[in-house]
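# Breakdown of the fold
Given next are the chains, with one letter for each unit.
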Amino acid sequence: QVQLVESGGGLVQAGGSLRLSCAASGRTFSNYVMGWFRQAPGKEREFVTSISRNGINTLHADSVKGRFTISRDNAKNTVYLQMNSLKPEDTAVYYCAAAAAAIGPTVLVRAYEYWGQGTQVTVSS
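Since the structure is predicted, the reported quantities are computational estimates derived from the model, not experimental observations.

Rules used throughout
- Residues numbered from 1 in each chain as written.
- Predicted model: local features only at pLDDT ≥ 70, side-chain atom pairs only at ≥ 80, totals over all residues.
- Heavy atoms only, no water.
- Patch = residues over 30% accessible without salt bridge, like charges linked within 9 Å, V, L, I, M, F, W, Y side chains within 5 Å.
- Areas by Shrake-Rupley, 256 points an atom, 1.4 Å probe, with all protein chains shown as cover.
- Salt bridge = Lys/Arg side-chain N within 4 Å of Asp/Glu carboxyl O.
- Helix = DSSP H or I, 4+ residues; strand = E, 2+ residues; numbered from the N terminus.
- Pairing = 2+ DSSP bridges.
- Axes fitted to C-alpha atoms, helices over the stretch in contact; angles between N-to-C directions.
- Buried < 20%, exposed > 50% of the residue type's maximum accessible area, 1.4 Å probe, protein only.
- Disulfide = S-S within 2.5 Å.

### Let's talk about a nonpolar patch on the surface
Residues L59, V107 and L108 make up a contiguous nonpolar surface patch of about 210 Å² in total accessible area. Along the polypeptide, V107 turns up in the loop between β9 (92-99) and β10 (114-115).

### So, the sheet that holds strand β3 (residues 18-26)
Pairing between the strands of a sheet is mediated by backbone hydrogen bonds and can be parallel or antiparallel. Taken together, the four strands give an open sheet; going across it, the order is β1-β3-β8-β7, and neighbouring strands pair in antiparallel fashion. A strand with exactly one partner marks an edge of an open sheet, and here the two such strands are β1 (2-7) and β7 (68-73). Across the sheet, the mean angle separating the axes of adjacent strands is 15 degrees when strand polarity is ignored. Here β7 runs beside strand β8 (residues 78-83); their pairing, made up of six bridges, is antiparallel. Looking at the pairing, F68 lines up with M83 of β8.

### A look at the pattern of salt bridges
Close approach of charged atoms lets side chains of opposite charge pair. Under the definition given, this model contains four salt bridges. Of the charged contacts in the structure, one is a salt bridge between R38 and D90, with a shortest N-O distance of 2.9 Å. Taken together, the positions of R38 in strand β4 (residues 33-39) and D90 in the loop between β8 and β9 put the pair 52 residues apart, joining distant regions of the chain. Each member of the pair, R38 together with D90, is buried. For D90, the salt bridge is made with R67, and the minimal N-O distance between the two is 2.7 Å. Of the two residues, D90 sits in the loop between β8 and β9 while R67 sits in the loop between β6 (58-60) and β7, which places them 23 residues apart along the sequence. The two residues D90 and R67 agree in class, both being buried.

### Observations regarding the environment of G55
Take G55: it is sitting in the loop between β5 (46-51) and β6. A residue is classified by how much of its surface remains accessible, and G55, at 30% relative accessible area, is partly exposed. Sequence separation of G55 and T28 is 27 residues, and the distance between their C-alpha atoms is 15 Å.

### What to know about the state of the cysteines
Evaluated as defined, the whole model comprises one disulfide. With a sulfur-sulfur separation of 1.9 Å, C22 is cross-linked through a disulfide to C96. Measuring the twist about the S-S bond at about 45 degrees, one finds the C22-C96 disulfide to be right-handed. Taken together, the residues span a long stretch of sequence, with C22 in strand β3 and C96 in strand β9 at a distance of 74 residues. Using a relative accessible area of 0% as the deciding quantity, one classes C22 as buried.

In structure tokens:
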């Protein structure tokens, strides 16, 4: 079992920045591919970004490329999502997730076994 707790969400104006954190506890953090997803009201959960176990390889959704950066600190059991140039359409609940069996970064929701409770990000225009 892995427990994931997100933090860092909030209200920000368009063009601003936020940094989300996801702290993991339980099993060895470095054994997991990590990902960030988001879900806006009335919409399905969508992939945002993912990072390999060693932090070298990443994958981003087209909608966030050049604006969002995922990183991890295996010594601190934490994955981060730096979000810059935020847009109103980035408004959603953001979830971090952990995948034990994935070979590398993956967009597939079903690959992730463990999920955090989510943190709200609201971008005003």
